[in-house]
Amino acid sequence: MQRTVLLIIAGVFMVVGGIYVAFRGNAPERNMPGSQVMTIIKQWDMPDELEEISGISFIDDNRVACVQDEKGVVFIYNLKTSKVEKKIDFGDSGDYEGITMVGTTCYVLRSDGVLFKIEDLDSDPKETVKIKTSLKSEYNFEGLCYDKKNDQLLLAIKDKASDDFKPVYAFDLNTNTLKKDPVFTIPFNSNVFDKLEEKRSNKLMRPSDLAINPKDGKVYITEGSNPKLLITSTNGTPEKLYVLKEKQFAQPEGVTFNSKGEIFISNEGHGGPGNIIKLTLK
């Protein structure tokens, strides 16, 4: 009798385990209004330590600097070898959301608006400077990129702010100070948002990252909560909105361009592997 009970219990565990393996990370897919299938050129699945990959930036055309939500570590991922080739500790555990390269110097954004400057990723030892930007931490900062033309960093807000627009702030690299007023805003009254069929609110677009296309200077902004990719002019005027399918983009948290102007988006794993995707836009 006891042996029969044990066999039944073992069988139940095997069935549950099989279901978990089969569906790990595959939550029911939401088809948001206007969503479309994107053309994916290549996908790199991340190791377990980058399941929650939250930001990416090219070091060169083969290597990408990555951060994840919880650890003060920069991961250097090689797209050619599909391996993490280096890890650089720069801070304590925290909510790290954005990363960008300025030459050989790396900047990391924490969600409370604090920046971490890491001098020369390819040298040892490395110096880390913590920069407080005086921004309101409740804004929940998630996007960071380098604006080469104006020698400044752009910082995007995910939450709060206004129901009519989302501000993007700039950190001047010449003076090492944050500009008081937003460098531009993303207006929600643009007709590109009409396809969403949502009421205008500060949740209409919740930026998770942003990057500037080196070929045309346009700004590309991702949202992870309800997967989207917004393209704006240099002054923030919305030009095109892609509503992404969750089956392809589980949670787009990072976006970057290589020197050729090719776009790459990183996704958190949702229980499965995080990834970096190279895609083309129509």
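Higher on the page you've got the structure.
Reading the values: rules and limits
Residues numbered from 1 in each chain as written. Predicted model: local features only at pLDDT ≥ 70, side-chain atom pairs only at ≥ 80, totals over all residues. Heavy atoms only, no water. Pairing = 2+ DSSP bridges. Helix = DSSP H or I, 4+ residues; strand = E, 2+ residues; numbered from the N terminus. Axes fitted to C-alpha atoms, helices over the stretch in contact; angles between N-to-C directions. Phe/Tyr/Trp six-rings, centres within 6.5 Å; stacked < 30°, edge-to-face > 60°. Buried < 20%, exposed > 50% of the residue type's maximum accessible area, 1.4 Å probe, protein only. Salt bridge = Lys/Arg side-chain N within 4 Å of Asp/Glu carboxyl O. Core = buried A, V, L, I, M, F, W, Y, C linked by side-chain atoms within 4.5 Å. Contact = heavy atoms within 4.5 Å.

Engineer: Honestly, the sheet that holds strand E20 (residues 252-257) in this entry has me stumped. Any pointers?
Structural biologist: Sheets are built from strands that pair by backbone hydrogen bonding, the pairs being arranged parallel or antiparallel. Taken in spatial order, the four strands line up as E2-E22-E21-E20 in an open sheet, and their pairing is antiparallel. Every interior strand has two partners, whereas the edge strands, strand E2 (39-45) and E20, have only one. The average undirected angle you get between the axes of adjacent strands in this sheet is 25°. Inspection of the sheet shows E2 paired to strand E22 (residues 275-280) by six bridges, in the antiparallel sense. Bridge assignment links Asp45 to a residue of E22, and that residue is Asn275.

Engineer: What exactly am I supposed to notice about the packing of aromatic side chains here?
Structural biologist: The relation between two aromatic rings is expressed through the spacing of the ring centres and the mutual angle of the planes. Under the defined criterion, the tally for this structure stands at seven aromatic pairs. Centre to centre, the rings of Trp44 and Phe264 are 6.1 Å apart; their planes meet at 35°, and the pair counts as tilted. Of the two residues, Trp44 is situated in strand E2 and Phe264 in strand E21 (residues 263-267); the sequence distance between them amounts to 220 residues. In this structure Trp44 comes out as buried when scored by relative accessible area, which is 7%.

Engineer: Explanation requested: the pattern of salt bridges in the structure shown.
Structural biologist: When the charged atoms of two side chains with opposite charge come close together, those side chains can pair. Counted under the stated rule, the structure contains 14 salt bridges. Among the ionic pairs, Glu85 bridges to Arg63, the shortest N-O distance being 3.5 Å. Residue Glu85 is found in strand E6 (residues 83-89), and its partner Arg63 is found in strand E4 (residues 63-68); the two are separated by 22 residues along the sequence. Accessibility expressed as a relative area gives 41% for Glu85, which makes it partly exposed. Classification of Arg63 by relative accessible area gives buried; the value is 15%. The closest approach of N and O atoms between Asp124 and Lys86, which form a salt bridge, is 3.9 Å. Residue Asp124 is found in the loop between strand E9 (115-118) and strand E10 (128-131), and its partner Lys86 is found in strand E6; the two are separated by 38 residues along the sequence. Judged by relative accessible area, which is 27%, Lys86 ranks as partly exposed. Shared partners join several salt bridges into a network, and the residues in it are Asp60, Arg63, Glu85 and Asp122.

Engineer: What is the right way to look at the sheet that holds strand E5 (residues 73-78) in this model?
Structural biologist: Strand order in the open sheet made by the four strands is E3-E4-E5-E6, with antiparallel pairing throughout. Two strands bound the open sheet, and with one partner strand each, they are strand E3 (53-58) and E6. With direction set aside, neighbouring strand axes in the sheet form an average angle of 25°. Summarising the sheet, E3 and E4 pair through five bridges and their orientation is antiparallel.

Engineer: I would appreciate a short explanation of the nonpolar core in the present structure.
Structural biologist: Nonpolar side chains tend toward joint burial in soluble globular proteins. Of all hydrophobic cores here, the largest spans 19 residues; its most connected members are Leu154, Ile186, Phe193, Leu210, Ile221, Leu230 and Leu241. Going through the elements one at a time, strand E12 (152-157), strand E13 (165-172), strand E15 (184-187), strand E17 (219-223) and strand E19 (238-244) are the ones with two or more residues in this core. Among residues more than four places away in sequence, those in contact with Ile221 are Ile186, Met205, Pro207, Asp209, Leu210, Lys228, Leu229, Leu230 and Thr232. Judged by nonpolar contacts, the second largest core, of 16 residues, contains Leu115, Leu144, Tyr169 and Leu178.

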